[in-house]
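Observations on chain architecture
Listed below are the residues making up each chain.
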Amino acid sequence: MSSSPADPTYTRNLGNGLLCRWSTAEDAAKIAHCFATVHRPNADAPLTPREADVIRIMMAPGFPFMDAGDFAIVEDVSQPDHPVVACTCYWRHTWSYAGIRFGVGRPEMVATLPEYRNRGLVRALFEMVHARSDANGDLVQAITGIAYFYRQFGYEYVLDLEGKRYVSLAVIPELAQDVSEPYTLRLATLDDTPHLTALYDQGRNCSLVWHEADADFWRAHLASWDDPAVQGKDSTQTALYSRLYMIVDAEGAVCGYVLPAMRRRGKAAWVFALELYPHVSWLAAMPSLLRALRTHGEQIPAVTPDAGAVRELCFMLGRAHPAYTAMGETIAARYEPPYAWYLRVPDLPRFLRHIAPVLEQRLAGSIMPGHSGELMIELYRSRLKLVFERGRLTSIEPAAVLAYSDDPPAGFPPLIFLQLIFGYRSLAQLRATYPDVYAEPEAAVLLNILFPEMPSRVDNLAYV
């Protein structure tokens, strides 16, 4: 038995018969029962096979983000069947910051049975996930989760997540008579992997932070629909919720891809991704795509029988997207602003040292090339000192808060500083929002150079 929470043999007695440990493949059914019990509309709702299927897919060989041993679980050993009463898992991602790659650990599928809540079980599980993420060399943890909750574990809202435009089916333009549709959809195949990789990677130059997705990811996504456990099933009975389609022109040439949902919960049919090659006109393609997606939305099943007929398309393409511009506000009239990714950076100096080449490049192209000096930043529970020598960042280290020292020239609440580092908010925006954010004039110039406000679109990429 290991004392390290990251180790597969780690166990911890939480008292009252509760034991936390890492999963094995044999735990899949118990984890699925816990997850399906928690993730249902109410206590009287039946357990759906779709929710249980999430765990089957994630713990099966070939899932791109985790293995069968990456669930952190709490089991109640005082019960005869040792049920899993709380769980989460560790997903491995690679993101990049202005082209510099770094590992990201992502806790996902967080669940606790109602009768076991408010006992600190999720905190114990997150300690395990954070430890494994750190042991794997990840510099950041990220999660898409419920409002406020994950602030308790050192996370802060830092990057845009989604952002939506709605299109009523009633306003979609019809195809003129005696005219063939210039663009149509077909299911993507493994042979389309190079296209999917190239089309997805087009977006990286417009995003400070980027979720890296190699060819293996796209192959895994495509192959998931060929699983015998999925084939022949209604899409409301499987965990897979979206499927890749290629956009082709009249000659069959690939022009882009789209990722629509394969089921719906209400009156909207969702679209999670949409990309075209640069030579394809968005204005020319969008009417055809809207008609094809309308037909798709009318054909996919609803999760509940009371959902009613589909009435609109929901494009979940971020804060801004060429498709929004092409449709215009007349067609895409209703806008819903983005939610946000939670991020946690356990070792801030380590992360800044990792992205130092980007910071030096920004300095070199600024009004302060060749700068030498120190920048001390107040983080209230600690301080951070950056040392520059002729334009090079020679040292990024934590500094102690001294009892009788002067205030540093800049200060941030520790988690709020992440919003500046990741370009989510400008220094001026943070100063206008938080009274405990400040910067003296010279420090403000340097901080604006090092950490300008920049957009990021970090796609979720999960297909369960």
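See the structure above.
Small disclaimer: the values here were computed from a predicted structure and weren't measured.

Conventions adopted
Here, residues in each chain are numbered from 1, in the same order as that chain's written sequence. Totals for whole chains, interfaces and linings use all residues, but because this is a predicted model, local features are given only for residues with pLDDT of at least 70 and pairs of side-chain atoms are given and counted only at 80 or more. The side-chain quantities take in all heavy atoms of the structure and omit both hydrogens and water. For the purposes of this entry, the term helix denotes a DSSP run of H or I that reaches at least four residues, the term strand denotes a run of E that reaches at least two, and both are numbered from the N terminus. Contacts are residue-level and defined by heavy atoms, with any inter-residue pair within 4.5 Å sufficient. Here, nonpolar core means buried Ala, Val, Leu, Ile, Met, Phe, Trp, Tyr and Cys residues that are tied together by side-chain atoms lying within 4.5 Å of each other. A 1.4 Å probe rolled over the protein chains alone gives each residue an accessible area, and that area as a share of the maximum for its type sets the label: buried under 20%, exposed over 50%, partly exposed in between. Pairing between two strands requires that DSSP report at least two bridges joining them. Interaxial angle, 0 to 180 degrees, is taken between N-to-C directions of lines fitted to C-alpha atoms, where a helix line uses only the stretch in contact. Pairing of aromatic rings covers Phe, Tyr and Trp, the last counted by its six-membered ring, and requires centre-to-centre distances within 6.5 Å; plane angles under 30 degrees mean stacked, over 60 mean edge-to-face, and any other angle means tilted. For a lysine, the NZ atom is tested; for an arginine, the CZ atom; a charge sits over a ring if that atom is within 6 Å of the ring centre and within 35 degrees of the ring normal.

Turning our eyes to something else, we now look at the environment of W270. Mapped onto the elements of the fold, W270 is located in strand β13 (residues 268–276). Remark: the alpha-carbon pair of W270 and D249, spanning 21 residues in sequence, is separated by 23 Å. Aside from chain neighbours lying at most four places away, what touches W270 is P260, A261, R265, C314 and M316.

Moving on, we get to the nonpolar core. In this structure, M58, F71, L274, F315, M327 and V464 are the most contacted members of the largest nonpolar core, which totals 101 residues. Beyond its immediate chain neighbours, meaning those up to four positions away, L274 contacts I247, Y257, V258, W282, M286, L289, F315, L317, H321 and A323.

Read across the open sheet, the five strands follow the order β19-β18-β17-β20-β21; overall the sheet is mixed. On the outer flanks of this sheet lie β19 (392–399) and β21 (438–439), each paired with one strand and no other. Here helix α12 (residues 441–450) sits on the sheet in contact with β17 (373–378), β18 (383–389), β20 (410–411) and β21, set at roughly 90 degrees to β17.

A few words on the packing of aromatic side chains. On inspection of all chains with the given rule, the structure shows 29 aromatic pairs. Aromatic pair Y150 and Y342: ring centres 5.5 Å apart, planes at 75 degrees, arrangement edge-to-face. Linking Y150 in the loop between β6 (140–143) and β7 (156–161) with Y342 in strand β16 (residues 339–344), this pair joins segments that are 192 residues apart in sequence. A connected cluster of aromatic rings, assembled from ring pairs, spans F63, F65, W91, Y200, W210, F217, W218, Y257 and Y463. Taking NZ or CZ as reference, R132 lies 3.6 Å from the ring centre of W22, over its face. Here R334 stacks its cationic end above the ring of Y166, 3.8 Å away from the centre of that ring.

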